[in-house]
2 protein chains.
Amino acid sequence: MSTNAFTSAVFPLQTMDVPGGTETVLPGGRHLFGLLPAAFAGVHRIGVIGWGPQGRAQACNLRDSLAGTGITVTVGLRPGSASAADARAHGFTEHDGTLGDWLAVTAESDLVILLIADAALAAHHEKIFGALRPGAAIGLSHGFLLGHLRATGGEFPAGHDVIAVCPKGMGDSVRRLYQQGVSVNGAGINASFAVHADHSGRAVDLALGWSVALGAPYTFRTTLDSEYLSDIVGERAILLGAVHGLVESLYSHYRLAGDDPVTAYERSCEAITGPIRATISRSGLDAVREQLDGPGRDTFDRAYTAAYLPARELIAEIYDEVADGTELRSVILADRRLADRPMSRISGSPMWAAGEAVRAQRAGRQAAAEPFTAGLFVATMMAQVDEFAERGHPWSEIVNESIIEAVDSLLPYMHARDVAYMVDNCSRTARLGARRWGPRFQAAYEQIAFPAAAGPADSELLRAFTGHPVHQALAEAAKLRPSVDIHLT
Amino acid sequence: MSTNAFTSAVFPLQTMDVPGGTETVLPGGRHLFGLLPAAFAGVHRIGVIGWGPQGRAQACNLRDSLAGTGITVTVGLRPGSASAADARAHGFTEHDGTLGDWLAVTAESDLVILLIADAALAAHHEKIFGALRPGAAIGLSHGFLLGHLRATGGEFPAGHDVIAVCPKGMGDSVRRLYQQGVSVNGAGINASFAVHADHSGRAVDLALGWSVALGAPYTFRTTLDSEYLSDIVGERAILLGAVHGLVESLYSHYRLAGDDPVTAYERSCEAITGPIRATISRSGLDAVREQLDGPGRDTFDRAYTAAYLPARELIAEIYDEVADGTELRSVILADRRLADRPMSRISGSPMWAAGEAVRAQRAGRQAAAEPFTAGLFVATMMAQVDEFAERGHPWSEIVNESIIEAVDSLLPYMHARDVAYMVDNCSRTARLGARRWGPRFQAAYEQIAFPAAAGPADSELLRAFTGHPVHQALAEAAKLRPSVDIHLT
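Along each chain, the written sequence defines residue order, and numbers are assigned to residues from 1. The order in which chains are written sets their letters, starting at A; the order in which ligands are written sets their numbers, starting at 1. Since the coordinates come from a predicted model, pLDDT governs what is reported: local features require at least 70, and pairs of side-chain atoms require 80 or more to be given and counted, while whole-chain, interface and lining totals use all residues. With hydrogens and water stripped out, all remaining heavy atoms of the structure feed into the side-chain values.

## Some words on the UniProt feature "binding site: Mg(2+) 1" (unreviewed entry) in chain A
Residues and elements named next belong to chain A. UniProt positions are given in the numbering used here, feature names are shortened, and annotations may be inferred rather than shown by experiment. Following the UniProt record, the feature "binding site: Mg(2+) 1" (unreviewed entry) maps to Asp231 and Glu235 here. Along the chain, aspartate 231 turns up in helix α9 (residues 224-239). Classification of aspartate 231 by relative accessible area gives buried; the value is 14%. With near-sequence residues (within four places) excluded, aspartate 231 lies in contact with His142 and Glu401. Accessibility here uses a 1.4 Å probe with only protein chains present; expressed as a share of the type maximum, an area under 20% marks a residue as buried, one over 50% as exposed, and anything in between as partly exposed. The exposure class of glutamate 235 is buried, given its relative accessible area of 8%. Here a strand is any run of E in DSSP of at least two residues, a helix any run of H or I of at least four, and the numbering for each starts at the N terminus. Any two residues having at least one pair of non-hydrogen atoms within 4.5 Å are treated as being in contact.

## Quick look at the relation of the copies chain B and chain A
The superposition of copies rests on a least-squares fit of C-alpha positions from residues with pLDDT of 70 or more in both. The transformation that overlays chain B on chain A combines an axial shift of 0.0 Å with a rotation of 180 degrees, and the residual RMSD is 0.0 Å. Both copies are brought into coincidence by an operation consistent with a two-fold rotation axis. The fraction of interface residues of chain B whose copies in chain A are also interface residues reaches 100%, indicating that both copies meet through the same surface.

## Points about the confidence of the model for chain A
Across the chain, each position has a pLDDT score giving the predictor's confidence in that residue, from 0 to 100. Taken over all residues, the pLDDT of chain A has a mean of 94, while the share at 70 or more is 99%. Overall fold confidence for the complex sits at a pTM of 0.94, while the interface term, ipTM, reaches 0.92.

## Some thoughts on the interface of chain B and chain A
Chain B puts 34 residues into the contact, and the matching count from chain A is 34 residues. The contact between chain B and chain A buries some 3,200 Å² in all, and 49% of this surface belongs to carbon and sulfur atoms. Salt bridges are counted wherever a side-chain nitrogen of Lys or Arg sits within 4 Å of a carboxyl oxygen of Asp or Glu. Where chain B packs against chain A, one counts twelve salt bridges. We define a polar contact as two N or O atoms separated by no more than 3.5 Å, with the added condition that, inside protein, one atom must be a possible hydrogen donor and the other a possible acceptor, whereas residues neighbouring each other in sequence contribute only through side-chain atom pairs. Linking chain B to chain A there are twelve residue pairs in polar contact (both at pLDDT 80 or more). Sorting the residues of the side of chain B that touches chain A by element identifies α10 (241-256), α13 (294-324), α14 (326-337) and α19 (428-452) of chain B as the ones contributing at least two each. Top element by residues in the side of chain B that touches chain A is α19 of chain B. It accounts for eleven residues. Two parts placed together each lose some accessible area; with a 1.4 Å probe, that loss summed over both constitutes the buried area.

Next comes the structure, spelled out in structure tokens:
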């Protein structure tokens, strides 16, 4: 992986301590909006192509942040797109020229941000490239297209900046936290950026401006490759797939131990999306264990050390398959197979009915930080941290893709509704991946971790956890965290 | 798929009615052993390369069937192979020239049967091809090598017969039933054969002789492609992966409904490996439903129609990934990753401890054909039958790879021990595939089928089942079944 130090001619940067060195970051905030015209110098029109959750959030945030600068944000949709009505409802209209045909919008924009679905990007990128005006910048929000071009022998067109800004949270949270940021400066979703081609010599500042305008509390550098791998693996592991497998297995586990459905839901899903999530978000991973009493800590330790290795093994398998391209081939095969029917339901099992009851009576109760649940969850998170560290990802990427995105963006959605609400508001690639890998985690917990947790804790694995450098990296990142949680109703 | 009619200059063939036409089959039996010298004309030495479960079973059966003919069966192993001691214990020794180095044995054999593991075959086939004597026949027991050669641009060497005989059961059952066949003529495991290259003009009879000598009750024709697809998909679906996912999900289901561990095991695993298996083996799939009383049949119907579509969807996904090559890439990646550590355990969950108790007290009890369990199991089997039929496989292959191999070879092993005993006595490719897909089936039953089974049965799916042409195909195949079950202790 390339170094992730960088300089900016526009924004004040900061150096953050991370294990083994430092990383450059840009702390964000609305006080920087005055610098946006300098960052976007030469850009008069921004075209946002696509209106999924990311397209909607980014178009709205960019428009609001750039209001008064003279820079226009226009949404481009395919002819006959079913999304046009929603775009109009959000203020993008043909009437004022901020809603149009995707190729026409591409042709008139100085920065073209490609936020259509992966399959559409694979099918239509050449058409879009062909419509670009000379020198227009190409913007991406993840590395999928690079992987696809590599696999098919294609290339990005020469003579254009190719940059990426990748919010580490689902589109809906990118918009909600931005809106909360009106009252709390800095509320938002962290983002990574990558400069894949710097034709203008100004690509870094253009990317940083884009990220600041989205409301990112802080922005760190990565590469398209590194972003792609951590993004696709992370959503299959702790962000979506693993947490789904975990709560399903835990719910059955507590039910079999004699709990009624509501209690079993509280001890599995509610414990994770409530107290455990909040503790990690505010005080870090080690605080989850430290807050437990003696017997609770022993239970945590046994659960942690029983789950770490099976989870690590699965995450290594996912990483191998994503890096090899196998995982993306399976997504393409699924897209073909599912062309005519909906994706399978994932929230039909009894636990999600119990979840409705739990939410209905939530006001009067406070879920406990179940030590068994906590040990399994933290172990899986640490397994992903270690796998990413071993594969050479920068620490900002590791903590954002393994921890912060989970506790500050995704889990609040599962807390407010259920697993389908969380998973199915993500990209199609993520939705398919969570369905592929969630059951593997469930089986690993049930068949390997639960039986092993009956035995004593492994002291070596525990020492590796308590003395782990991730705690420092997460504490540094927490200093840049705004003092506001996402608010969902 | 090519037609599977064929003629023989040596063996008396039979025409079997199947849906939409007929298929040619060779009914086997010890009374045909006198024809083996004619089938093996020109073959003086048979080299069996490799000593896994199939290598051991085939080498022993061939040697015993060819005793007195002057045809020698020799086992070839890699230098330093850990299997040499077991080969000697089964009567293959350096002393009498029936055990030797794999390349030396290859060089002196007229028929070289390649039964080393898939990964070894991928790595070393060129070396083996280079050692063949002119005109020697190449024998395979599944289509893996063809798939590998296609993927890597390789070819079988010209000037050799390339034939396959593929027993539709695990190696251990190929040997055990052969030995039982000493007292009951015809006991054995059915086999398919394929002629990929017929240099000698005698390849069909050579393959048929090989199959008769293995003890196959009947032998049908397929192609290497068709064999490969149905073999790899089948073991991931009803043969290993799906049945494992099904019994895990059913055990939890019955436990949650209030059953004690022993009862839950009896209603899930024991019901399948005991009465359901026996009924299908003796009387066919429709008999399972017909033997139920009114309420039982209603339960069966709801379970059947709730499980059929989710199972079908998963089997279509598996089929796509196997046909695309994606599944084999994942096996190769897993082989690399697991080079230094054992594969994960699959029999650690509580149900298998309950299984020990059930087996210990089996003498005094008779498990019932649980209608809920039966509906789910038969639906999954039918989903595989329909997927294979839609993809154009011959009916003999469909019923053997989806039904007969399950009830007459594999499930008796799960009945005698547990799931690991069944899965981990199969090929490494099968073991990895069962671990990949079993959890997907478990999740599909738990999250989709169980909730749906609370509703009414789908009458259209039921009509498709009761009037399905597979019942005729299975009844025809049953006429060729010997009157002996595999005996395991």
